[in-house]
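Remarks on the overall topology
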Amino acid sequence: MEPTLAYLLQLIVDTLESPGSEGARSNLTEDRIFIPLFILGIFVIRGIGTFFGSYFMALIGTKLVFDLRVDMFNKLSELPSSYFHGESSGRILSKLTFNTEQVIGSVTQAVRVLLREGLTVIGLFGFMLYTNWRLSLFFILIIPFIAVIVGYASKRFRKLSKRIQNAMGGITDVASEAIKGQEVVKIFGGKTYERKRFYDAAYSNRRSQLKMELTKSLNVPIIQFIVATALATIIWLALDPDISENMTAGHFVAFIGAAGMLSKPLRQLTEINSILQKGLAAAQSIFEFLDEKSEKDQGEIQAKSLQGELVFEKVSFAYPNTDKLILDKVNLVLPAGKTLALVGRSGGGKSTIANLVPRFYDIEEGALRVDGINAKDYGLDDLRRNIALVNQKIVLFNGSVRENIAYGHLAEASDEDIIAAAKAANAWDFIEKLEQGLDTQVGEDGTLFSGGQRQRIAIARAILKDASILILDEATSALDSESERAIQQALNSLMKD
Ligand SMILES: Nc1ncnc2c1ncn2[C@@H]1O[C@H](COP(=O)(O)OP(=O)(O)O)[C@@H](O)[C@H]1O
Ligand SMILES: [Mg+2]
């Protein structure tokens, strides 16, 4: 675009410069039609280019972010339990939402500007070389200066972008904690404390953003100034009679015009650098996340239906990245079809033992054998298909009661089976009384139900799974003794089958 405009300038000036002869006159009439049409032509081509450029960039950019998000979520579902203890949910969420969003800006905006303005710069400079290569070479002298500044700015942009992303994680983190714990915040007067925490996180984000803007605001005019210096020198040299003598007036105007037009695309290229660096920093954190180690799943033995005999052999266990041995050479035998109750003080390691069976954590010392085979040798999905679990911390998903009982592999279960499981879990009484029965929405994390009701829904889910290994980790802690006894009886009769 700009190079052609510079060429036009040359045409116009040269046409006007050579009046007199008849030939030149007709030349002028021809050019009078040709030049405006030429201008319109350029804009039509440019318009089409802009349209397809923007749309296809969006097409590519959104596809890339979409793929990244899906890949990240797929990764999320394969990460070991230990990952979730080391990283707060707010930070993981912000990676999935904010960081991916930064990549799209980089892809669409930066690439578009890079292509368009980069080509413009090359075109303009090529035109200048063509018109007067000696003068143009002077521009090359400033490249090292610009490179140093751009290099410094890029590093700083990258560093600040990382800080902004971190601060964004902090913001999501504090907010999600305050939302989940809103009752505690209210009762224990945590308002001021939480507000301060949020203020700090948001402020740290703002400060990094301002620093980023400061670097950008300094960076752009400095580079503009260097370019202007080069331009001024070139014009000064060009006006030297010895040099300008060799050029037609048209060439001269076009050369200066092209040189002048260089400054806008150069500025845009400098400005886009910050977005590019933001995108790179985000991409780095995303790829680090995608490179996280998945759960170990090297076992190859398929286990369609296990008997459920569990043997702990001298199992010693410490949580990852800690030294404290929670289990010290524990031996335990649990024949298939039997019930074992672990009783002990809180913090004694009962939940830890429960967590080792489905291999939420790896046993480093000793072994757990299921039906005589080391649990590590089973395929992870295969092993887990044989285990039903009701956690200390009940998890209900935002959906209907039916979806919560018939969850995952059980999604195809018939209403008959679901109701039977709900009855065994002593949950059918209250589900039946709900206006919409099994279709009642449980709300986020089941907040619309009482603790005991939530536990009974979770127990129904475990019973419906009908697995050979059933783990109940304080699953009836929120139940009255009558409900608990009813569930015990139901479980006993289930085990006889
Ligand atoms: N994810 C974890 N990381 C590090 N230590 C843990 C983790 N979970 C539990 N612990 C520690 O393991 C010990 C046993 O906990 P747990 O098995 O939950 O006890 P119980 O269920 O018997 O009350 C506790 O001292 C606790 O501090
Ligand atoms: Mg426990």
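Placed above this text is the structure.
Predicted, not measured: the structure shown is a model, and the values here were computed from it.

Procedures and definitions
- Residues numbered from 1 in each chain as written.
- Chains lettered and ligands numbered in written order.
- Predicted model: local features only at pLDDT ≥ 70, side-chain atom pairs only at ≥ 80, totals over all residues.
- Heavy atoms only, no water.
- Pairing = 2+ DSSP bridges.
- Helix = DSSP H or I, 4+ residues; strand = E, 2+ residues; numbered from the N terminus.
- Polar contact = N/O pair within 3.5 Å; in protein donor to acceptor, adjacent residues only side chain to side chain.
- Contact = heavy atoms within 4.5 Å.
- Donors = N, O, S within 2.8 Å, 3.2 Å for Na, K, Ca; no water.
- Buried < 20%, exposed > 50% of the residue type's maximum accessible area, 1.4 Å probe, protein only.
- Core = buried A, V, L, I, M, F, W, Y, C linked by side-chain atoms within 4.5 Å.
- Near = heavy atom within 4 Å.
- Areas by Shrake-Rupley, 256 points an atom, 1.4 Å probe, with all protein chains shown as cover.
- Nonpolar A, V, L, I, M, F, W, Y, C, P; charged D, E, K, R; others polar.
- Salt bridge = Lys/Arg side-chain N within 4 Å of Asp/Glu carboxyl O.

Spatially, the 4 strands line up as an open sheet ordered β2-β1-β3-β4, and their pairing is antiparallel. The sheet is open, and its two edges are formed by β2 (327–334) and β4 (373–374), each paired on a single side. Inspection of the sheet shows strand β1 (residues 310–317) paired to β2 by 5 bridges, in the antiparallel sense. By the bridge assignment, Leu310 is partnered in β2 with Leu334.

This part takes up the side chain of Glu295. By the element assignment, Glu295 lies in the loop between α10 (263–290) and β1. Within the structure, the side chain of Glu295 is placed 2.7 Å from the side chain of Arg384, a separation counted as a polar contact. Other than its neighbours up to four places away in sequence, Glu295 contacts Glu78, Leu79, Pro80, Arg359, Leu380 and Arg384.

Distances from the magnesium ion (ligand 2) to its protein donors, namely Ser351 (OG) and Gln392 (OE1), fall within the range 2.0 to 2.7 Å. Taken together, the residues Ser351 in helix α11 (residues 350–356) and Gln392 in the loop between β5 (387–390) and α13 (401–405) connect sequence positions 41 residues apart. With relative accessibility at 42%, the residue Gln392 sits in the partly exposed group.

This next bit is on the nonpolar core. In this structure, Val401, Ile405, Ile431 and Ile459 are the most contacted members of the largest nonpolar core, which totals 32 residues. In terms of residue count, the dominant contributor to this core is helix α16 (residues 451–465) (7 residues). The residues touching Val401, leaving out its near neighbours within four places in the chain, are Ile431, Leu434, Gly437, Leu438, Thr440, Val442, Phe449 and Ile457. Counting 25 residues, the second largest nonpolar core, distinct from the first, contains Val121, Ile142, Ile234 and Ala238.

Notably, Asn321 is not glycine yet its phi reads approximately 65 degrees, a positive angle. For Asn321, the position within the fold is in the loop between β1 and β2. The backbone phi angle of Asp466 is positive, close to 55 degrees, even though this residue is not glycine. Inspection of the secondary structure assignment puts Asp466 in the loop between α16 and β6 (469–472). Given the relative accessible area of 65%, Asp466 is considered exposed.

This brings us to the site of ligand 1. Among the 13 residues in the neighbourhood of ligand 1, the closest are listed as Gly347, Gly349, Lys350, Ser351 and Thr352. One nitrogen or oxygen atom from the main chain of Gly347 is found 2.7 Å from an oxygen atom belonging to ligand 1. For ligand 1, whose unbound accessible area comes to 560 Å², protein coverage reaches 69%. Broken down by element, the shell around ligand 1 gets its largest block of residues, 3 residues, from α11. Within the shell around ligand 1, the residues separate by chemical class into 3 nonpolar, 7 polar and 3 charged.

Attention now goes to the pairing of strand β3 (residues 365–370). Across 5 bridges, β1 lies against β3 in antiparallel orientation. Bridging from a neighbouring strand, Leu310 pairs with Val370 of β3. Sheet topology note: the β3/β4 ladder contains 2 bridges and is antiparallel. The residue bridging Val370 from the neighbouring strand is Ile373, located in β4. In textbook terms, the turn of a hairpin is the stretch between consecutive antiparallel strands, and for β3 and β4 this stretch comprises 2 residues, one of which, Asp371, has a positive phi near 55 degrees.

The subject of this paragraph is the pattern of salt bridges. With the rule as written, the count across this model stands at 15 salt bridges. Between Asp67 and Lys63 there is a salt bridge, with its nearest N and O atoms 2.9 Å apart. One end of the pair is Asp67 and the other is Lys63, both in helix α2 (residues 22–76) and 4 residues apart, which spans about a single turn. The exposure class assigned to Asp67 is partly exposed, which follows from its relative accessible area of 29%. Owing to a relative accessible area of 47%, Lys63 belongs among the partly exposed residues under this scheme. One salt bridge connects Glu194 with Arg197, and the closest N-O pair in it is separated by 3.4 Å. With a gap of 3 residues between them, Glu194 and Arg197 both fall in helix α7 (residues 191–238), about one helical turn apart. With relative accessibility at 16%, the residue Glu194 sits in the buried group. One salt-bridge network, held together by shared partners, links Glu177, Glu194 and Arg197.

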